[in-house]
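Each chain is listed here by its residues.
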Amino acid sequence: MKHFLQLRDLDREEFEHLFRRTRVIKERFKNYVAYQPLVDRMLAMVFEKSSTRTRVSFEAGIYQLGGSSIVLNMGETQLGRGEPIEDVARVVSRMVDIVMIRTFEHPIIERFAAHSRVPVVNGLTNDYHPCQVLADIYTFIEHRGAIGGRIVAWIGDGNNMCNTWIQAAQIFGFKLNISTPPRYGVDPSRLAGVGRDCVEIFGNPHDAARGADLVTTDVWTSMGFEAEAEARRKAFSAYLVDAAMMAQARPEAVFMHCLPAHRGEEVSAEVLDGPQSVVWDEAENRLHVQKALMEYLLLGKIES
Ligand code: CP
Ligand code: NVA
């Protein structure tokens, strides 16, 4: 049994499989061809933070595969009244087939997984957002072909998305240029043993964007950090991805954002709604890659 708590829980070969399956599953969906290998399977989704894309894509996805889902808002469960996460994992995983969790501290999901009988998927923690980067890489491949050897520029917060991109650079063999405001950088431990040919840190965001095939950013204030919002707005003001920033990248570069976006803060409306932006495909692909992921975690390598 496998969990998907961070990107490096799967290897390159497993990702190649997932991308092949995503293509097949997406094409069937687009052609209204029913594909229901997960009849009678149940997904439980546990949310401790807000969500639009993650909830809709997992709920629609498991239903389209023939299964069904239960949504648990943590505060409305006994977890909110202090039941240990280990006990909840033991109980819930005897009743459902797969669990997705969105929570704050990453160790919460690790503790759940350690006591779960069924696969656990990370739907976002303070440290990682692997389903999103899975969709992002699939989206890049759809638009521009293989990502190996390319340059990806991360502009903004050294957050859960950035941490996940660092793992992606190591797995897929592209170069990740990161530029964050000084006090909001990546924890140096995440870069231990990672060469500058794989991940390079830039003081100036325009330098990070130079020659990039993909420019990506995220909100300045992630969920759970709302108390810092005002300080962050000041610290991040030079990290707006606008047309001048995109002009540093290759002319055929694409722009991505995991969404929700704030036009005029981390990205200008001109870029988000402009011709280089692939954000809507990126959001849609959450559905397709996660269907491939659930199929793989529950049934293994299906080729049909
Ligand atoms: N990108 C993403 O995970 O969106 P939600 O917060 O709406 O789920
Ligand atoms: N970094 C953001 C991503 C939201 C999908 C957050 O954690 O709030």
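Scroll up to find the structure this text is about.
Computed from a predicted structure; not experimentally measured.

Draft legend 1. Geometry of the site of ligand 1. Around ligand 1, the neighbouring residues are Ser 51, Thr 52, Arg 53, Thr 54, Arg 102, His 129, Gln 132, Cys 258, Leu 259 and Arg 286. Contacts to ligand 1 include Arg 102, whose side-chain N or O atom sits 2.8 Å from an oxygen atom. In this structure, an oxygen atom belonging to ligand 1 sits 3.1 Å away from a side-chain N or O atom of Arg 286. Protein chains bury 95% of the 260 Å² of accessible surface belonging to ligand 1 in isolation. Judged by its atoms lying within 2 Å of the grid points, ligand 1 is housed in the largest pocket.

Draft legend 2. Main features of the pattern of salt bridges. In this structure the tally under the stated criterion is 21 salt bridges. Residue Asp 127 is joined to Arg 190 by a salt bridge in which the shortest nitrogen-to-oxygen separation is 3.5 Å. Highlighted residues: Asp 127 in the loop between strand S4 (120-122) and helix H5 (130-144) and Arg 190 in the loop between strand S6 (175-179) and strand S7 (199-201), separated in sequence by 63 residues. For Asp 127, a relative accessible area of 24% puts it in the partly exposed group. Classification of Arg 190 by relative accessible area gives partly exposed; the value is 23%.

Draft legend 3. Local environment of the site of ligand 2. Taken together, the neighbourhood of ligand 2 is formed by Leu 124, Asn 159, Asn 160, Asp 218, Val 219, Ser 222, Met 223, Cys 258 and Leu 259. Within the backbone of Met 223, one N or O atom sits 2.8 Å away from an oxygen atom of ligand 2. Burial of ligand 2 by the protein chains amounts to 94% of its free accessible area of 270 Å². Counting atoms within 2 Å of the grid points, the majority share of ligand 2 lands in the largest pocket.

Draft legend 4. Expanded view of the pairing of strand S1 (residues 42-47). Most of S1 sits inside the fold, with five of its six residues counted as buried. Viewed along the sheet, the connection from S1 through helix H2 (residues 53-64) into strand S2 (residues 68-73) turns out right-handed. Summarising the sheet, S1 and strand S3 (residues 98-102) pair through five bridges and their orientation is parallel. The residue of S3 that forms the bridge with Ala 44 is Val 99.

Draft legend 5. Looking closely at the layout of surface pockets. In this structure, the largest pocket occupies an estimated 750 Å³ of space. Secondary structure elements with two or more residues in the lining of the largest pocket: H2, helix H6 (160-172) and helix H8 (229-235). Here the residues of the lining of the largest pocket sort into twelve nonpolar, 16 polar and 14 charged.

Draft legend 6. Focus on the packing of H5 against helix H11 (residues 279-299). Where H5 contacts H11, the axes come no closer than 8 Å and their chain directions differ by 110°. Classified by the interaxial angle, the pair formed by H5 and H11 is roughly perpendicular. You can see that H5 and H11 cross each other, and the crossing is right-handed. Where H5 approaches H11, its residues Cys 131, Gln 132, Leu 134, Ala 135, Asp 136, Tyr 138, Thr 139, Glu 142 and His 143 are matched on the opposing element by Asp 281, Glu 282, Asn 285, Arg 286, Val 289, Gln 290 and Leu 293.

The rules behind each value
Residues numbered from 1 in each chain as written. Chains lettered and ligands numbered in written order. Predicted model: local features only at pLDDT ≥ 70, side-chain atom pairs only at ≥ 80, totals over all residues. Heavy atoms only, no water. Near = heavy atom within 4 Å. Polar contact = N/O pair within 3.5 Å; in protein donor to acceptor, adjacent residues only side chain to side chain. Areas by Shrake-Rupley, 256 points an atom, 1.4 Å probe, with all protein chains shown as cover. 1 Å grid on protein atoms, 1.4 Å probe; cavity = no way out; pocket = protein on both sides within 12 Å on 5 of 7 lines; lining within 4 Å. Sits in = over half its atoms within 2 Å of the grid points. Salt bridge = Lys/Arg side-chain N within 4 Å of Asp/Glu carboxyl O. Helix = DSSP H or I, 4+ residues; strand = E, 2+ residues; numbered from the N terminus. Buried < 20%, exposed > 50% of the residue type's maximum accessible area, 1.4 Å probe, protein only. Right-handed = clockwise from strand over helix to strand, strands pointing away. Pairing = 2+ DSSP bridges. Points joined across faces, edges and corners; volume = space filled by probe spheres on them. Nonpolar A, V, L, I, M, F, W, Y, C, P; charged D, E, K, R; others polar. Axes fitted to C-alpha atoms, helices over the stretch in contact; angles between N-to-C directions. Parallel < 35°, antiparallel > 145°, perpendicular 65-115°, else oblique. Left-handed = near helix turned anticlockwise from the far one by under 90°. Contact = heavy atoms within 4.5 Å.

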